[in-house]
Amino acid sequence: QVQLVESGGGLVQAGGSLRLSCAASGRTFSNYNMGWFRQAPGKAREAVAAINWRGASTRYADSVKGRFTISRDNAKNTVYLQMTSLKPEDTAVYYCAADPSIWTLTMRRADFNSWGQGTQVTVSS
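Residues numbered from 1 in each chain as written. Predicted model: local features only at pLDDT ≥ 70, side-chain atom pairs only at ≥ 80, totals over all residues. Heavy atoms only, no water.

Q: Describe in detail the state of the cysteines, supporting the description with residues and values.
A: Linking two cysteines covalently through their sulfur atoms gives a disulfide. All told, the structure shown has one disulfide when counted by the stated rule. The disulfide partner of Cys22 is Cys96, and the S-S distance across this bridge is 1.9 Å. On the sign convention where negative means left-handed, the S-S torsion of about 40° between Cys22 and Cys96 marks this disulfide as right-handed. Remark: Cys96 occurs in strand 9 (residues 92–99) and Cys22 occurs in strand 3 (residues 18–25); sequence separation between them is 74 residues. When its relative accessible area of 0% is taken as the criterion, Cys22 is described as buried. On the basis of relative accessible area, Cys96 is assigned to the buried category, the value being 0%. (Disulfide = S-S within 2.5 Å. Helix = DSSP H or I, 4+ residues; strand = E, 2+ residues; numbered from the N terminus. Buried < 20%, exposed > 50% of the residue type's maximum accessible area, 1.4 Å probe, protein only.)

As structure tokens, this is what we get:
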């Protein structure tokens, strides 16, 4: 499995922006599709965005379309989540995850077998 470490979370006002980063190590990064998930208190973990192994294809949850952008830099073994127009309902712990099955880009939690420790994002109203 690949090791993942997220960073970039914090406190931001509604309407603001944040960029999350997830650094990977231990395996060949380009052998994985990557995803971002989030979990708010008392709620299930949900998929936010996913990107395929070479960055050519992306998918987003309806709740973040047009506001969030996922990208990756395989030379730096890093995946990013640019978040704009943040809302209080975006408050959650954000996790990056790796899916070794690169032939299909999914957002199903069960397909991702490596997870980071999470980074807190808090959006104040």
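Q: Provide a residue-level description of the packing of aromatic side chains, including the pertinent values.
A: The tally for this structure, following the rule as stated, stands at three aromatic pairs. Judged by centre distance (5.1 Å) and plane angle (75°), the rings of Phe37 and Phe112 are edge-to-face. With Phe37 in strand 4 (residues 33–39) and Phe112 in the loop between strand 9 and strand 10 (114–115), the pair connects residues that are 75 residues apart, well separated along the chain. Taken together, the ring pairs in this structure connect Phe37, Phe112 and Trp115 into an aromatic cluster. (Phe/Tyr/Trp six-rings, centres within 6.5 Å; stacked < 30°, edge-to-face > 60°.)

Q: Describe the pairing of strand 5 (residues 46–51), with residues and values.
A: For strand 5, the buried fraction is high: five of the six residues fall into the buried class. As paired elements, strand 4 and strand 5 share five bridges and run antiparallel to each other. Residue pairing across strands places Met34 opposite Ile51, the latter belonging to strand 5. Connecting strand 4 to the next strand, strand 5, in antiparallel fashion are six residues, including Gly42 with a positive phi near 75°. One ladder, built from three bridges, connects strand 5 with strand 6 (residues 58–60); its direction is antiparallel. Residue Ile51 lies in a different strand from strand 6, and its bridge partner there is Thr58. Here strand 5 folds back onto strand 6 in antiparallel fashion, the turn holding six residues, of which Gly55 has a positive phi close to 80°. (Pairing = 2+ DSSP bridges.)

Q: Before we move on, could you go through the sheet that holds strand 7 (residues 68–73) and cite the residues and values that matter?
A: In space, the four strands of this open sheet follow the order 1-3-8-7, with antiparallel pairing throughout. Two strands close off the open sheet at either side, each with one partner strand: strand 1 (3–7) and strand 7. Taken pair by pair, the neighbouring strands of this sheet meet at an average axis angle of 15°, ignoring direction. (Axes fitted to C-alpha atoms, helices over the stretch in contact; angles between N-to-C directions.)

Q: Break down the pattern of salt bridges for me, citing the residues and quoting the values.
A: For the structure on display, the rule yields five salt bridges. Between Arg38 and Asp90 there is a salt bridge; the shortest N-O distance is 2.9 Å. With Arg38 in strand 4 and Asp90 in the loop between strand 8 (78–83) and strand 9, this pair connects stretches of sequence that are 52 residues apart. Taken individually, Arg38 and Asp90 each receive the classification buried, so the pair is uniform in this respect. The partner of Asp111 in a salt bridge is Arg108, with the nearest N and O atoms 2.8 Å apart. It is possible to trace a salt-bridge network through shared partners that takes in Arg38, Glu46, Arg67 and Asp90. (Salt bridge = Lys/Arg side-chain N within 4 Å of Asp/Glu carboxyl O.)

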